[in-house]
Amino acid sequence: MEEPPVEEKKKETTAEFIQSMSLVLAVGLFIITFCLQAFEIPSSSMENTLLIGDHVFVDRDTMGPKTRWMPLIPYHQVRDQDIVVFLSPAEPGLYVVKRIIGQPGDRIHLKDGEVYRNGKKLDEPYVIHNNTYNPYRDNFPAIPAGDMNITPEWHLLMNNYIDKGELVVPPDSYFAMGDNRDVSYDSRYWGFIPRENIIGRPMFIYWSFETPPGQYLKTSIADRLAFMFKVIIHFFTETRWSRMLHLVR
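Treat the numbers as computed from the prediction; the structure is a model and nothing was measured. (Residues numbered from 1 in each chain as written. Predicted model: local features only at pLDDT ≥ 70, side-chain atom pairs only at ≥ 80, totals over all residues. Heavy atoms only, no water.)

## Section: the overall build of the protein chain
The helix and strand tally for the protein chain stands at five helices and 13 strands. Long-range pairs, those at least 24 residues apart, make up 65% of the contacts in the protein chain between residues at least 6 apart in sequence. For the protein chain, the computed accessible surface area is about 15300 Å², with 60% contributed by carbon and sulfur atoms. (Helix = DSSP H or I, 4+ residues; strand = E, 2+ residues; numbered from the N terminus. Contact = heavy atoms within 4.5 Å. Areas by Shrake-Rupley, 256 points an atom, 1.4 Å probe, with all protein chains shown as cover.)

This is the structure we're talking about:
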């Protein structure tokens, strides 16, 4: 019996290939533009949860402000202990990452470095301390603002939010701190995060590279090229492979 002829697979034309690649690029560009954002951890304020040189993907949709054009997205309300990326209230244009400690209406104070919210001491296993003492930082807001790191605006406004020795978080605002509590430049120094400043939440680390402190401040072309050269030379030896695809919590 004669076998049926094998149907020859139709070859993809150049036009079809370009169309397919255009679709892939369009979807990828949409995801990068509206859903995910790559972000590099610049400082040690979130150690050991996030290290300098960790590169994370930030989910911009589920925690961003709701939009009418995309009603099916499962929006995520900002909750206590969420790690968020936001535009700094102190330095316009600077992206910062911190952990949410207080929501609107919460009453916050610190005693000897321990955080109390609405009268209850928080259980914070992620926090590290460097065993130094700063009266303003560790007993916030009981000690008058005398720290030189406080922004002038916060120095003037802070007393408006203090009631019976506690800081009361106003509507549409959040109080945030870093996990590396004694070196973190956070809400104790520049005030509340407006809701509209929150960009999203880090999802996972897609790459991590040994990066010296303050590298993000070196913005000259020569410094950037020098660091890029270092990455190329030491990519395999100074990449933190154990942190790859590590979920951020």
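## Structural notes on the pattern of salt bridges
According to the stated counting rule, one finds 12 salt bridges in the structure shown. Across the pair Arg181 and Glu124 runs a salt bridge whose closest N-O atoms are separated by 3.2 Å. Taken together, the positions of Arg181 in the loop between strand S10 (173-177) and helix H4 (187-190) and Glu124 in the loop between strand S7 (120-121) and helix H2 (135-138) put the pair 57 residues apart, joining distant regions of the chain. Of the two residues examined, Arg181 and Glu124, each falls in the buried class. Linking Arg137 and Asp138 is a salt bridge whose minimum nitrogen-to-oxygen distance equals 2.8 Å. Note on Asp138: relative accessible area 5%, which makes it buried. (Salt bridge = Lys/Arg side-chain N within 4 Å of Asp/Glu carboxyl O. Buried < 20%, exposed > 50% of the residue type's maximum accessible area, 1.4 Å probe, protein only.)

## Overview of the pairing of strand S12 (residues 198-208)
Sheet topology note: the strand S2 (residues 54-59)/S12 ladder contains six bridges and is antiparallel. Within S12, the position partnered with Asp59 by the bridge is Arg201. With two bridges joining them, strand S3 (residues 83-87) and S12 adopt antiparallel strand pairing. Opposite Val85, over in S12, you have Gly200 as the bridge partner. With two bridges connecting them, S12 and strand S13 (residues 246-247) associate as antiparallel partners. Residue pairing across strands places Ile205 opposite His246, the latter belonging to S13. (Pairing = 2+ DSSP bridges.)

## Focus: the sheet that holds strand S8 (residues 162-163)
Paired through their backbone hydrogen bonds, the strands of a sheet run either parallel or antiparallel. Taking strand neighbours across the sheet as the criterion, the five strands line up as S7-S6-S5-S9-S8 in an open arrangement whose pairing is antiparallel. Strand pairing shows two members of the sheet lacking a second neighbour, S7 and S8, which therefore form its edges. Direction of pairing for S8 relative to strand S9 (residues 166-168): antiparallel, over a ladder of two bridges. Paired with Ile162 across the bridge in S9 is Leu167.

## Considering the side chain of Glu166
One can find Glu166 in strand S9. In this view, Glu166 contacts Arg107, Ile108, His109, Gly119, Pro141 and Tyr161; residues no more than four positions away in its chain are not counted.

## What to know about unusual backbone geometry
Looking along the chain, the bond that leaves Glu47 and enters Asn48 is cis, with omega of 0°. Inspection of the secondary structure assignment puts Asn48 in the loop between strand S1 (36-40) and S2. Cis peptide bonds are those with omega within 30 degrees of zero, and the linkage from Phe140 to Pro141 qualifies with -5°. Counting through the fold element by element, Pro141 comes out in the loop between H2 and helix H3 (152-157). Even without being a glycine, Asn131 presents a positive backbone phi close to 65°. Within the fold, Asn131 resides in the loop between S7 and H2. What makes Asn131 exposed here is its relative accessible area of 76%. Its identity is not glycine, yet Lys164 carries a phi of approximately 55°, on the positive side. Exposure remark for Lys164: the relative accessible area of 78% places this residue in the exposed category.

## Details of helix H5 (residues 221-238)
Along its 18 residues, H5 runs just 22 Å from first to last C-alpha, ending more than 12% under the 26 Å computed at 1.5 Å per residue. The largest bend in H5 amounts to roughly 50° and is located at Ile232. Inspection of H5 places Phe227, Val231 and Glu238 among the buried residues, and these make up the whole buried set. Against the buried residues of H5 lie S12. (Expected span 1.5 Å × (residues − 1). Bend = angle between axes of the 7 residues up to and from the residue.)

## Considering the nonpolar core
Core analysis: the biggest nonpolar cluster contains 18 residues, and Ile101, Val115, Tyr136, Phe140, Trp154, Leu167 and Phe175 have the highest contact counts within it. Of all elements in the fold, only strand S5 (107-111) and S10 reach the threshold of two or more residues within this core. Not counting the four nearest positions on each side in its chain, Ile101 is found in contact with Asp80, Ile108, Val115, Arg117, Leu122, Glu124, Tyr126, Phe175, Ala176, Met177 and Arg181. Among the nonpolar cores identified, the runner-up in size contains 12 residues, and Val58, Ile199, Ile205 and Val248 belong to it. (Core = buried A, V, L, I, M, F, W, Y, C linked by side-chain atoms within 4.5 Å.)

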